[in-house]
Amino acid sequence: MTVEEGRPWVGDEVMEGRTRAVVTDVRDGVLWLRRVQGGHEWPAQDPERLTVLRTRAQRIAAGEA
């Protein structure tokens, strides 16, 4: 699977609806998320509608990943 510009990938912080989450994994082509504050994981309902807030690289640079 290749990373496409603007598409979320593992480690990216995203918005799913009104929930801030981090992409934790890709399983069988499905993105899995968890809240930024932690907690359980869930499969992204509509990956095409996820908005990338910060990439993994940006989170690392901020000392948050």
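Heads up: the structure comes first, above all this text.
Residues numbered from 1 in each chain as written. Predicted model: local features only at pLDDT ≥ 70, side-chain atom pairs only at ≥ 80, totals over all residues. Heavy atoms only, no water.

A. Summary view of the sheet that holds strand β5 (residues 51–54). An order of β4-β3-β2-β1-β5 is seen for the five strands of this open sheet, with the pairing classed as antiparallel. With one partner strand each, in any of the chains shown, β4 (41–43) and β5 form the two edges of the open sheet. Each strand axis lies, on average, 45° off the axis of its neighbour in the sheet, ignoring direction. As judged from the three bridges shared by strand β3 (residues 30–35) and β4, these two strands associate in the antiparallel manner. By the bridge assignment for β4, L33 is matched with W42. (Pairing = 2+ DSSP bridges. Helix = DSSP H or I, 4+ residues; strand = E, 2+ residues; numbered from the N terminus. Axes fitted to C-alpha atoms, helices over the stretch in contact; angles between N-to-C directions.)

B. Broad picture of the nonpolar core. In this structure, V14, A21, V23, L31, L33, W42, A44 and L50 together form the largest nonpolar core, which totals eight residues. Of all the elements in the fold, those that place two or more residues in this core are β2 (19–27) and β3. (Core = buried A, V, L, I, M, F, W, Y, C linked by side-chain atoms within 4.5 Å. Buried < 20%, exposed > 50% of the residue type's maximum accessible area, 1.4 Å probe, protein only.)

C. Just the pattern of salt bridges, in detail. What the rule picks out here adds up to six salt bridges. Among the ionic pairs, R54 bridges to E64, the shortest N-O distance being 2.6 Å. Taken together, the positions of R54 in strand β5 and E64 in the segment after α1 (56–61) put the pair 10 residues apart, joining distant regions of the chain. Classification of R54 as partly exposed rests on a relative accessible area of 21%. Each of E13, R20, R54 and E64 takes part in one network of salt bridges that share partners. (Salt bridge = Lys/Arg side-chain N within 4 Å of Asp/Glu carboxyl O.)

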